[in-house]
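Listed here are the chains, written in short residue letters.
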Amino acid sequence: MQNSFYNFADPLEQLKQQSLYRSRCVQEGPQAVVLNLDGRQLLNFCSNDYLGLANHPAVCAAFQQAVNSYGVGSGAAHLICGHSTAHHALEEELAAFTGRSRALLFSTGYMANLGVISALLGRGDSLFADRLNHASLVDGALLSRARLQRYAHADMDALQTQLATCQSKALLVSDGVFSMDGDLAPLEKLAHLAAQYQAGLLIDDAHGFGVLGAQGGGVVEHFGLSQQDVPILMGTLGKAFGTFGAFVAGADDLIEFLIQKARTYVFTTALPPAVAAASRVSLQLVQTETWRREKLQQLILRFRSGAEQQGLPLLDSFTPIQPLLIGDSERVMAISKQLLALGFLVSAIRPPTVPAGTARLRITFSAQHQESQVDALLDVLAKVVR
Ligand SMILES: *Cc1c(COP(=O)(O)O)cnc(C)c1O
C-alpha cells in the first residue's frame with residue numbers, strides 16, 4: 001500500500017495545470033548582465049544585483065582576504081562565539097550610514113523580519129500591514145501570533161480607520177519599496193500615523209537600500225526620515241549590496257532587546273565573517289560610486305519612455321523594479337518563455353507572490369546594463385507583449 005502522505009504527484013500536476021509550477025535554471029559563473037544559463041547566454045533582466053556589486057573586484061578581494069584571516073564558517077551563533085570583528089565593524093558602519101544608534105546583523109532578511117516581529121509582538125497585540133508586503137513580513141506576523149490586519153495597498157485612510165479602533169499594542173509594517181511593484185510606501189504618512197497612535201513602525205527596505213537616496217541610504221534617505229520617524233529599519237545586503245545577510249537598525253534599547261529576544265538571531269549560526277567583510281567594502285562602494293545610481297536612473301528613464309511609446313502596461317515605479325502587468329498566469333508564462341527563446345531572461349511573477357489576476361513580468365535593471373541592452377529589451381517586448 002502506498003502511504004498517501006507522500007502523494008505529491010497530484011498537487012504537482014495541479015500546479016502545472018494552473019501555470020503555477022515553478023522551476024529553476026542552473027546558472028554558471030558570477031551574477032552578471034549576461035548569464036550562462038543551462039548552457040546558453042542570456043541577457044539578464046531579473047537580478048536584484050541592482051548596483052552590479054555581486055562580482056565587483058574589490059568586494060571579491062575583501063571576501064578572499066577575510067577568508068584568509070577568519071576561515072569560512074563563523075562556527076556558532078553571535079551570542080556564543082560566532083560574532084567576529086568583521087561583523088562588529090559592519091554593524092557600526094551600518095549604524096553610522098543609516099543615521100541610527102545601532103545596527104544588528106541577521107543571517108537573512110527573511111529571518112530578520114521573522115525575528116523582529118515575533119520579538120516585538122505576541123498574542124493579543126496587533127499588526128497592521130500593507131496588502132502587498134513581502135511574504136517574510138506576513139510570516140513574521142503569523143509567527144508572533146499577533147492579530148494581522150491588512151490594509152489595501154498604500155491606503156492610509158483605511159489604515160487610520162483600523163488604527164482608530166485598535167485598543168492593543170500595535171506595530172505598523174511595510175515594504176519601503178514594494179518588491180513586486182517597485183513603488184514606494186507612503187512613508188511620511190506611515191511615520192505620522194505611527195506617532196499619532198503610539199504604534200511601532202517597521203520599514204523593510206530590501207529593495208531601496210543602496211538604490212535610493214543621494215548616498216544610497218534607501219527609502220528613509222529619500223524621504224529624509226530620521227530614527228525618530230522610522231524607529232525600526234530593516235535592510236538587506238543580498239540585493240543592491242551584492243553580498244548576503246541583513247540588518248535591523250534603531251535605538252540602543254531596541255537592538256539590546258532584539259539581541260535578547262529575536263529567536264532568529266539567537267538560535268542561528270552567524271553569517272560567515274568573510275561575507276561581513278565583503279559587505280563592508282560594498283558599503284564603501286555604495287557611498288563613493290554614485291555613478292551606479294545615476295546610471296540606473298538613466299536606464300530606468302530610457303526604459304519607461306520607450307515602453308510608454310509602445311503602450312506597454314507599465315506600473316507607477318521609478319525604481320529598478322519595472323513590472324509589466326499581464327494579468328493571467330498562463331499568458332505571463334508564455335511571454336516569459338518567448339523572451340527566453342529570444343535570449344532574454346525576465347521573470348514571470350504569479351500568485352501567490354502577487355494577488356490573483358495580477359501576474360506580471362518583473363523587469364529589473366542593474367547599473368551594469370548598457371543602453372543598447374535596454375533598447376534590445378524594448379524591441380523584443382514590442383513583439384511578444386500585445
Ligand atoms: C528579498 C526580500 C526579503 C528577504 O531578504 P533575504 O535576505 O533575501 O532573506 C525581505 N523583504 C523584502 C521586501 C525582500 O524583497
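Above: the structure in question.
For clarity, every value in this text was computed on a predicted model and none was experimentally measured.

Caption draft 1: Looking closely at the pattern of salt bridges. Counted according to the given criterion, the structure contains 7 salt bridges. With its nearest N and O atoms 2.8 Å apart, the salt bridge here joins Glu256 to Arg102. Linking Glu256 in helix α10 (residues 252–261) with Arg102 in strand β4 (residues 102–106), this pair joins segments that are 154 residues apart in sequence. Classification of Glu256 by relative accessible area gives partly exposed; the value is 35%. Residues Arg302 and Glu371 are paired through a salt bridge, measuring 3.2 Å at the closest nitrogen-oxygen approach. Of this pair, Arg302 sits in helix α13 (residues 291–309) while Glu371 is found in helix α15 (residues 371–384), placing the two residues 69 residues apart along the sequence.

Caption draft 2: Layout of a nonpolar patch on the surface. Residues Phe5, Tyr6, Phe8, Leu12, Leu15 and Tyr21 make up a contiguous nonpolar surface patch of about 620 Å² in total accessible area. Secondary-structure assignment places Tyr21 in the loop between α1 (9–17) and β1 (27–28). Here Tyr21 falls in the partly exposed class, since its relative accessible area comes to 31%.

Caption draft 3: Representation of the packing of aromatic side chains in the model. With the rule as written, the count across this model stands at 8 aromatic pairs. Pairing Phe45 with Phe344 gives two aromatic rings, centres 6.4 Å apart and planes at 15°, and the pair type is stacked. Separated by 299 residues along the polypeptide, Phe45 in the loop between β3 (40–44) and α2 (57–70) and Phe344 in strand β12 (residues 344–345) bring together distant segments of the chain. By the burial criterion, Phe45 is buried, and Phe344 matches it. Their ring planes at 5° and their centres at 4.8 Å tell us that Phe209 and Phe241 sit as a pair that is stacked. Of the two residues, Phe209 sits in the loop between β8 (200–204) and α9 (219–223) while Phe241 sits in the loop between β9 (232–236) and β10 (246–250), which places them 32 residues apart along the sequence. Pair check on accessibility: Phe209 and Phe241 agree, each one buried.

Caption draft 4: Region of the structure containing the site of the ligand. Near the ligand you find 13 residues, and of these Gly109, Tyr110, Asp204, His207 and Lys239 are the closest. Taking Gly109, its main chain carries an N or O atom lying 2.8 Å from an oxygen atom of the ligand. Here an oxygen atom of the ligand sits 2.5 Å away from a polar atom, N or O, in the side chain of His207. Isolated, the ligand exposes 380 Å² of accessible area, and the fraction of that covered by the protein chains is 83%. At 3 residues, helix α5 (residues 109–120) tops the list of elements feeding residues into the shell around the ligand. Per-class residue counts for the shell around the ligand are 2 nonpolar, 8 polar and 3 charged.

Caption draft 5: Quick look at the nonpolar core. Leu190, Phe303, Leu361, Leu377 and Leu381 are the most contacted members of the largest nonpolar core, which totals 82 residues. When residues of this core are assigned to their parent elements, the largest contribution, 7 residues, is made by helix α12 (residues 273–288). The residues that make up this core include at least three from each of domain 1 (21–51 + 290–385) and domain 2 (57–288). Counting residues in hydrophobic clusters, the runner-up holds 26 residues, among them Ala119, Ala129, Ala246 and Ala262.

Caption draft 6: Geometry of the sheet that holds β9. Pairing is mixed in the open sheet, where 7 strands are placed in the order β4-β10-β9-β8-β7-β5-β6. What marks the edges here is a single partner per strand, and that holds for β4 and β6 (147–151). Averaged over neighbouring strand pairs, the angle between their axes works out to 20° when direction is ignored. Examined bridge by bridge, strand β5 (residues 126–130) and β6 share 5 bridges and lie parallel to one another. Each bridged residue has a counterpart across the sheet, and for Asp130 the counterpart in β6 is Tyr151. Contacts from helix α4 (residues 85–98) reach β4, β9 and β10, with the element oriented near 130° to β4.

Caption draft 7: Geometry of the sheet that holds β1. Taken together, 4 strands build an open sheet; the order of strands is β1-β2-β3-β12 and the sheet is mixed. The sheet is open, and its two edges are formed by β1 and β12, each paired on a single side. Where β3 and β12 come together, 2 bridges link them in parallel fashion. Residue pairing for β12: Asn44 is matched across the bridge by Leu345.

About the thresholds
- Note that residues are indexed from 1 along each chain, following the sequence as it is written.
- Reporting in this predicted model follows two pLDDT cut-offs: at least 70 for local features of residues, and 80 or more for side-chain atom pairs to be given and counted; totals over whole chains, interfaces and linings ignore these cut-offs and use all residues.
- Computation of side-chain values: all heavy atoms of the structure, hydrogens and water removed.
- Salt bridge criterion: a side-chain nitrogen from Lys or Arg within 4 Å of a carboxyl oxygen from Asp or Glu.
- Only DSSP runs of H or I with at least four residues qualify as helices, and only runs of E with at least two residues qualify as strands; both kinds are numbered from the N terminus onward.
- Exposed residues in this analysis have more than 50% of their type's maximum accessible area, buried residues have under 20%, and partly exposed residues fall in between, with area computed by a 1.4 Å probe over protein chains only.
- Exposure above 30% relative accessible area and the absence of a salt bridge qualify a residue for a patch, where like charges join within 9 Å and nonpolar side chains (Val, Leu, Ile, Met, Phe, Trp, Tyr) within 5 Å.
- The Shrake-Rupley method, run with a 1.4 Å probe, gives the accessible areas here. Residue values count only the displayed protein chains as cover.
- We call Phe, Tyr and Trp rings a pair once their centres come within 6.5 Å, taking the six-membered ring for Trp, and we label the pair stacked below 30 degrees between planes, edge-to-face above 60, and tilted otherwise.
- In these notes, residues near a molecule or strand are those with any non-hydrogen atom within 4 Å of it.
- The term polar contact refers here to a pair of N or O atoms within 3.5 Å; inside protein, the definition further demands a hydrogen-donor-capable atom paired with an acceptor-capable atom, and it admits residues adjacent in sequence only when both atoms are side-chain atoms.
- The classification used treats Ala, Val, Leu, Ile, Met, Phe, Trp, Tyr, Cys and Pro as nonpolar, Asp, Glu, Lys and Arg as charged, and all other residues, Gly among them, as polar.
- By nonpolar core is meant a set of buried Ala, Val, Leu, Ile, Met, Phe, Trp, Tyr and Cys residues that side-chain atoms within 4.5 Å join together.
- For the domains described, the bounds stem from an automatic or database domain assignment.
- Whether two strands pair comes down to DSSP finding at least two bridges between them.
- In this description, a line fitted to the C-alpha atoms serves as the axis of each element, helices being fitted only across the stretch in contact, and the angle between N-to-C directions of two axes falls anywhere from 0 to 180 degrees.
- A contact between two residues is defined here by any heavy atoms of the two lying within 4.5 Å.

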